[in-house]
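Structure assessment
Each chain, written out:
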Amino acid sequence: MLVLITPNQQLLRHMVGSGSDGTEDSDSSAEREQTNSSESDGNTAKRQRLTRASTRLSQSSQASDTPDLKRAADHDESPPLTPTGNAPSSESELDISSPNASHDESLAKDQANRDSDKDLPHRPKRRRCHETYNFNMKCPTPGCNSLGHLTGKHERHFAVSGCPLYHNLSADECKVKAVSREKQEEEVKEENNSRHATRHQTPTSKQSRYKEQVSEMRKGRNSGLQKEQKEKHMEHRQTHSNTREPLLENITSEYDLELFRKAQARASEDLEKLRIQGQITEGSNMIKTILFGRYELDTWYHSPYPEEYARLGRLYVCEFCLKYMKSQTILRRHMAKCVWKHPPGDEVYRKGGISVFEVDGKKNKIYCQNLCLLAKLFLDHKTLYYDVEPFLFYVMTEADNTGCHLVGYFSKEKNSFLNYNVSCILTMPQYMRQGFGKMLIDFSYLLSKVEEKVGSPERPLSDLGLISYRSYWKEVLLRYMCTFQGKEISIKEISQETAVNPVDIVSTLQSLQMLKYWKGKHLVLKRQDLIDEWKAKEIKRGHSNKTIDPSSLKWTPPKGT
């Protein structure tokens, strides 16, 4: 018969074999009277005694409470082992000759320890990582006591991004808004889970009513401020200056204002997670602003600049060579002797004042690294900073009499196995909402057409990048639909003509509700209302110079790079 031995039984057997030669069981008095027994019988009786003792010890250990065992271990009640692994021989050892007595003794010691703990002053429990605060820190907003958080999920804050007072709110209002946002998110999740991803593309009645409500709420958003409201806004600005957020009420609709508040809360929560993880610390090691050319830009995210530069809070960057400096004096001296007036590399496109330069990460390593560090200040998902050699950078500039000013850029792998035509894309904040982002996207697909490939951007896309790409794909598909005269359309043909990946085409058709599933087939609907709306925008836009002219491209695909 096999016997299952617990770790306590193993330790007990080890102790008996090494340091307890004369021990006996209290229940074996009858066996002690057999003095004339043989040596083998004595060994058998000893093994029986050991089995009964170990069984009682295991039962007592299972019946005892776990915290009591831990407290006994903390008070060193169990004998320490020698370097050989055996327990030292002493009178204070555990007496295995009476397991019940030893168990009662250990319970008595545990009770005594508990009684002694009651006399000690109460020691507070250790807080979790996300609940630890540095009480020496204080919110920089004047008059703020650092209590509450914009997200409504934390008890304290130490930065302006999480300050309710700076955002003209109270801590209680933030908590109420947080509860409301959570309820809305749960409702949206339940509704999305109840619908199929591909077959049910038509909006539900609830979504249609919600869309009508949003349209109704947005009707009066461009009515402007009344005289009393303007005076109130000006008084608030004169009183608090830059220490408070401007009043946002009555500037836009309540729906758009709530969307903006949600975005603020989400950004504040992301910054709080970075602070907890130690990637940024309160009030230090995060660049707040950069001086770039004639612009002073507020940063959005953390960038891994060297610590001696990051802790300054403000960085001075040369807009031509992208070298970063600590003070305006150093920048002024650098600009006096900097010979760069445009990015390094080959100019592959020029039309009017817009140019695109192809920069090899292997040949111009320092410039490309500085460009990546600069881009990380405005991109959330960017992870590549220093390994720039496998990439080509296409830098778009706008020229004037002082030089070629950086507008934006996108990077591209020299050899992409997944046919990504963009690895990272950025439009500088001072050039956003002017059509330059769409120009960069269009230029990347123009290169894919010249290479006779189908391209797609590398995931994940940033929030602004996703919006720009969806807008571009929508425009490309509507332009194709406008000129298409056939009865049967093929997604493969659209992909070959536009160089857009079929997956991106399908997702765009689904978002436009132009892809339907009917009788086992997918049908593409030609929605004339969307086409007419796009035509009206094109007429209103007129002949804009924010378009890429394929005839102005002077470029051949690189070989063997």
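Please read all numbers here as calculations on a predicted model, not as lab measurements.

Spatial ordering of the open sheet is given by S5-S6-S7-S8-S10, a layout of five strands whose pairing is antiparallel. Every other strand in the sheet has two partners, leaving strand S5 (346-351) and strand S10 (424-427) as the edge strands with one partner each. Across the sheet, the mean angle from the axis of one strand to that of its neighbour is 20°, orientation sign disregarded. Bridge count between strand S7 (residues 391-400) and strand S8 (residues 403-413): 10 bridges; the pairing is antiparallel. Of the residues in S8, the one forming a bridge with Glu 398 is His 405.

With that settled, consider the pattern of salt bridges. The full count for this structure, using the stated rule, is 13 salt bridges. Here Lys 414 and Asp 360 are joined by a salt bridge, their closest N and O atoms 2.7 Å apart. Taken together, the residues span a long stretch of sequence, with Lys 414 in the loop between S8 and strand S9 (420-422) and Asp 360 in strand S6 (residues 354-360) at a distance of 54 residues. Take Lys 414 and Asp 360: they sit in the same class, and that class is buried. Between Lys 438 and Glu 475 there is a salt bridge, with its nearest N and O atoms 3.1 Å apart. One end of the pair, Lys 438, is in helix H13 (residues 436-450); the other, Glu 475, is in helix H14 (residues 463-483), with 37 residues separating them in the sequence. Its relative accessible area of 27% is what places Lys 438 among the partly exposed residues. Looking at Glu 475, the relative accessible area reads 12%, which means it is buried. If you follow the salt bridges from partner to partner, you end up with Lys 438, Glu 475 and Arg 479 in one network.

Attention now goes to the confidence of the model for the protein chain. Taken as a whole, the protein chain shows an average pLDDT of 76; of its residues, 71% reach a score of 70 or greater. Least confident of the elements in the protein chain is helix H4 (residues 66-74), whose mean pLDDT is 39; most confident is strand S4 (residues 324-325), at 96. Across residues 60-107 the pLDDT falls below 50, and counting only partners more than four positions away or on other chains, this stretch makes 48 contacts in the model. Overall, residues 116-135 carries pLDDT values under 50, and its contacts beyond four positions in sequence, including any with other chains, amount to 11 contacts.

This brings us to the environment of Cys 321. Relative to the assigned elements, Cys 321 resides in the loop between strand S3 (314-317) and S4. Assessed through its relative accessible area of 12%, Cys 321 is described here as buried. Residues Cys 321 and Pro 344, 23 residues apart in the sequence, show an inter-C-alpha distance of 8.5 Å. Excluding its chain neighbours within four sequence positions, the residues that come into contact with Cys 321 are His 334, Cys 338, Trp 340, Tyr 367 and Asn 370.

Rules of the game
- Residues numbered from 1 in each chain as written.
- Predicted model: local features only at pLDDT ≥ 70, side-chain atom pairs only at ≥ 80, totals over all residues.
- Heavy atoms only, no water.
- Pairing = 2+ DSSP bridges.
- Helix = DSSP H or I, 4+ residues; strand = E, 2+ residues; numbered from the N terminus.
- Axes fitted to C-alpha atoms, helices over the stretch in contact; angles between N-to-C directions.
- Salt bridge = Lys/Arg side-chain N within 4 Å of Asp/Glu carboxyl O.
- Buried < 20%, exposed > 50% of the residue type's maximum accessible area, 1.4 Å probe, protein only.
- pLDDT = per-residue confidence, 0-100.
- Contact = heavy atoms within 4.5 Å.

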